[in-house]
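Breakdown of the fold
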Amino acid sequence: YDELFASAVLLEQRLSQPEVPSKDVAEGLKTLAAQVKDATVVGDLDALATKLDEIQSGLAAKRNVEQQHRAEARAAATAEREKIVAEAESIASQPESRIQWKSSGARMRELLDEWKAHQRAATRLDRETESAMWQRFSAARNGFDKARRSHFAGLDAAHADAKSAKERLVGEAEKLATSTDWAATAGAFKRLMDE
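Residues numbered from 1 in each chain as written. Predicted model: local features only at pLDDT ≥ 70, side-chain atom pairs only at ≥ 80, totals over all residues. Heavy atoms only, no water.

**Details of the confidence of the model for the protein chain**
On average, residues of the protein chain carry a pLDDT of 88, and 99% of them reach 70 or more. Mean pLDDT values for the elements of the protein chain range from 86 in helix H6 (residues 182–194) up to 90 in helix H3 (residues 45–93). (pLDDT = per-residue confidence, 0-100. Helix = DSSP H or I, 4+ residues; strand = E, 2+ residues; numbered from the N terminus.)

**Section: the nonpolar core**
Considering soluble globular proteins, one finds that nonpolar side chains tend to be buried as a cluster. With 16 residues, the main nonpolar core has Ala88, Met108, Leu111, Trp115, Phe137 and Phe144 as its most contacted residues. Elements supplying a minimum of two residues to this core: H3, helix H4 (101–120) and helix H5 (127–176). Phe144 has contacts with Ile91, Ala92, Ile99, Trp101, Ser104, Gly105 and Met108, leaving out every residue within four places of it along the chain. One finds Ala26, Leu32, Leu48 and Ile55 within the second-largest nonpolar core, a separate group that totals 13 residues. (Core = buried A, V, L, I, M, F, W, Y, C linked by side-chain atoms within 4.5 Å. Buried < 20%, exposed > 50% of the residue type's maximum accessible area, 1.4 Å probe, protein only. Contact = heavy atoms within 4.5 Å.)

**Concerning helix H2 (residues 22–38)**
In a regular helix each residue adds 1.5 Å, so 17 residues correspond to 24 Å; H2 covers 24 Å between its end C-alpha atoms and thus fits that length. Where H2 is concerned, the buried positions are Ser22, Val25, Ala26, Leu29 and Leu32. Projected down its long axis, H2 carries its buried residues within an arc of 130 degrees, all on one side. The outward face of H2, more than 90 degrees from its buried face, is lined by the exposed residues Lys23, Lys30 and Asp38. (Expected span 1.5 Å × (residues − 1). Arc of directions from axis to C-beta.)

**Considerations on the packing of H3 against H4**
In the contact formed by H3 and H4, the axes pass within 10 Å of each other and the chain directions differ by 160 degrees. As far as their axial angle goes, H4 and H3 are roughly antiparallel. Crossing of H3 against H4: the hand is left-handed. The segment H3 lies against H4, with Glu80, Arg81, Ile84, Val85, Glu87, Ala88 and Ile91 engaging Ser104, Arg107, Met108, Leu111, Glu114, Trp115, His118 and Gln119. Along the lines of polarity and charge, the residues of the contact of H3 with H4 split into seven nonpolar, three polar and five charged. (Axes fitted to C-alpha atoms, helices over the stretch in contact; angles between N-to-C directions. Parallel < 35°, antiparallel > 145°, perpendicular 65-115°, else oblique. Left-handed = near helix turned anticlockwise from the far one by under 90°. Nonpolar A, V, L, I, M, F, W, Y, C, P; charged D, E, K, R; others polar.)

**Some points on the pattern of salt bridges**
Pairs can form between side chains of opposite charge whenever their charged atoms are close. In total, this model carries 13 salt bridges according to the counting rule given. The partner of Arg107 in a salt bridge is Glu87, with the nearest N and O atoms 2.6 Å apart. Taken together, the residues Arg107 in helix H4 and Glu87 in helix H3 connect sequence positions 20 residues apart. Given the relative accessible area of 22%, Arg107 is considered partly exposed. Judged by relative accessible area, Glu87 falls into the partly exposed class, the value being 28%. In this structure, the salt-bridge partner of Asp145 is Arg148, at a minimum N-O distance of 2.9 Å. One end of the pair, Asp145, and the other, Arg148, are both in helix H5, three residues apart, so they sit about a helical turn from each other. With a relative accessible area of 21%, Asp145 lands in the partly exposed category. With a relative accessible area of 24%, Arg148 lands in the partly exposed category. When salt bridges with common partners are traced through the structure, they connect Glu87, Arg107, Glu110 and Glu114 into a single cluster. (Salt bridge = Lys/Arg side-chain N within 4 Å of Asp/Glu carboxyl O.)

**Observations regarding the environment of Met133**
Tracing the chain through its elements places Met133 in helix H5. Here Met133 falls in the buried class, since its relative accessible area comes to 5%. In this structure, the C-alpha to C-alpha distance between Met133 and Ala47, residues 86 residues apart in sequence, is 53 Å. Aside from chain neighbours lying at most four places away, what touches Met133 is Thr78, Arg81, Glu82, Val85, Trp115 and Leu125.

As structure tokens, then:
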């Protein structure tokens, strides 16, 4: 009896420690209840039964507290992810004329790293919420990348057009270089310089 009662007291002490999960206490209570049921001992069995009932009700309270902490942690994690998604959407929705491509691209990579860090954290979001937020985040990143590629492709095309126009002008200038008709050549050079 003394050994069983001491085990119950020890289990009650573990119940009061916040770092001990309710699952561990529940397993210990289940084992202890089975031992008490099968025990052939002499002692105050009513007091032992009362102690086990107290542990059971304390276990229910501990589970409620743990559920509340998990819900608070999920809410905080959801808020953090929402903040990441909102910033990514904000960057992606800026007009092309206002985007600083290099710094915005670096910030998008940082946001992705933050997302991954939150994903590795112990606090997980429910699958539906996480999937919906990821879809929004991914769409913002893809939209930003598409706009960046389009912007730089446009710049490359403009640079290629400018290069071919300048090559044409250089070709015309080289043809005029050997001319001795000074008045016409000077006018032609002036026109080429204006172009």
